[in-house]
Amino acid sequence: MPSTPARLMAAAAVTAAMALPASADMIAKTSPHSVSVTIDRLTAAVEGAGATVFARVDHAGGAAKVDMDLRPTQLLIFGNPKLGTPAMLDGQTAGLDLPLRVLAYADGEGVVHVTYHDPATLAATHGLPADAKYIQMMTGALDKLTEKAIAAE
């Protein structure tokens, strides 16, 4: 069947949409602080809440080690077994996406962004109950912790 202009435009739109990163499952905020300070503040908030920081990854530092430039980009990996273990008991593959991760990075204009996956996607991806209390608690914790990290104070 010959292609009509409408079909070609629809196909182009679908192709373009597939090329863009899916952002509906990510929560994005901006920070008035540098990437390093934002992650420092997030670390303090996580530890203050009694959770464990497992790693801090400096992607820009890694890039510099191989003589490449990357704008400031850091990832904080943290969690609380009281929330993560029940998720993995419901679907052990949830361990692929746990502990939780928050990325802070500076864009080309120097604006610092804080981004993380919406915990609801954890439920959808791993077949966990969408109404599980641990999903609600992860959602609330990520919001509170990142808000502390980006607070102007």
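To keep things clear, this report deals only with the structure shown in the data block. (Residues numbered from 1 in each chain as written. Predicted model: local features only at pLDDT ≥ 70, side-chain atom pairs only at ≥ 80, totals over all residues. Heavy atoms only, no water.)

As for the packing of helix α2 (residues 35-48) against helix α6 (residues 133-150)
Here's step 1: Two numbers describe how α2 lies on α6: the axes approach to 8 Å, and their chain directions differ by 135°. In terms of orientation, α2 and α6 fall into the oblique class. Crossing angle aside, the handedness with which α2 passes α6 is right-handed. Facing α2, whose interface residues are Thr 38, Arg 41, Leu 42, Ala 45 and Val 46, α6 presents Leu 145, Thr 146, Lys 148, Ala 149 and Ile 150. (Axes fitted to C-alpha atoms, helices over the stretch in contact; angles between N-to-C directions. Helix = DSSP H or I, 4+ residues; strand = E, 2+ residues; numbered from the N terminus. Parallel < 35°, antiparallel > 145°, perpendicular 65-115°, else oblique. Left-handed = near helix turned anticlockwise from the far one by under 90°. Contact = heavy atoms within 4.5 Å.)

Describing α6
Because the α-helix completes a turn every 3.6 residues, residues three or four places apart line up on one side.
Here's step 1: Here α6 contains 18 residues, and its C-alpha end-to-end distance of 26 Å stays within 8% of the 26 Å for a straight helix at 1.5 Å per residue.
Here's step 2: Residues of α6 that are buried include every one of Tyr 134, Ile 135, Met 138, Leu 142, Leu 145, Thr 146, Ala 149 and Ile 150, and no others. End-on view of α6: buried residues confined to an arc of 125°, all on one side of the axis. Exposed positions of α6 whose direction lies more than 90 degrees from the buried face are Lys 133, Lys 144 and Lys 148. (Expected span 1.5 Å × (residues − 1). Buried < 20%, exposed > 50% of the residue type's maximum accessible area, 1.4 Å probe, protein only. Arc of directions from axis to C-beta.)

Focus on unusual backbone geometry
Here's step 1: Backbone torsion omega between Leu 98 and Pro 99 reads 0°, so that peptide bond is classified as cis.
Here's step 2: Mapping Pro 99 onto the fold places it in the loop between α4 (81-90) and β4 (100-106).
Here's step 3: A positive phi is found at Asp 67, a non-glycine position, where the angle reads about 55°.
Here's step 4: Positionally, Asp 67 belongs in the loop between α3 (59-65) and β3 (73-79).

Let's talk about α2
Here's step 1: Taking 1.5 Å of rise per residue, the 14 residues of α2 would be expected to cover 20 Å, and the 20 Å separating its terminal C-alpha atoms lies within 8% of that figure.
Here's step 2: Those residues of α2 lying buried are Val 35, Thr 38, Ile 39, Leu 42, Thr 43, Ala 45 and Val 46. Angularly, the buried residues of α2 cover 165° about the axis, an arc narrow enough to put them on a single face.
Here's step 3: Looking at the packing, one finds that the buried side of α2 touches β1 (26-31), β2 (52-58), β3, β4, β5 (112-117) and α6.
Here's step 4: Once α2 ends, the next one or two residues include Gly 50, with phi positive near 85°.

Quick look at the sheet that holds β2
Here's step 1: Spatial strand order, β1-β5-β4-β3-β2: 5 strands in an open sheet with antiparallel pairing. At either margin of the open sheet sits one strand with a lone partner, and together these are β1 and β2. Strand-to-strand twist of the sheet, defined as the mean angle between neighbouring strand axes without regard to direction, takes the value 20°.
Here's step 2: Inspection of the sheet shows β1 paired to β5 by 6 bridges, in the antiparallel sense. Looking at β5, one finds that Thr 30 is bridged to His 113.
Here's step 3: The strands touched by α2 within the sheet are β1, β2, β3, β4 and β5, with β3 carrying the most contacts at an inclination of about 5°.
Here's step 4: Seen against the sheet, α6 touches β1, β3, β4 and β5 and runs at an angle of roughly 15° to β1. (Pairing = 2+ DSSP bridges.)

What to know about the nonpolar core
Here's step 1: Leu 42, Phe 78, Leu 128, Tyr 134 and Met 138 are the most contacted members of the largest nonpolar core, which has 30 residues in total.
Here's step 2: Per-element tally for this core: the top contributor is α6, with 7 residues.
Here's step 3: Residue contacts for Tyr 134: discarding those within four places in its chain leaves Leu 83, Pro 86, Ala 87, Asp 90, Leu 128 and Pro 129. (Core = buried A, V, L, I, M, F, W, Y, C linked by side-chain atoms within 4.5 Å.)

Concerning the environment of Ala 106
Here's step 1: Summarising the element assignment, Ala 106 is placed in strand β4.
Here's step 2: Judged by its relative accessible area of 10%, Ala 106 falls in the buried class.
Here's step 3: Between the C-alpha atoms of Ala 106 and Thr 73, which are 33 residues apart in sequence, the distance is 6.6 Å.
Here's step 4: Beyond its immediate chain neighbours, meaning those up to four positions away, Ala 106 contacts Val 35, Arg 71, Pro 72, Val 111 and Val 112.

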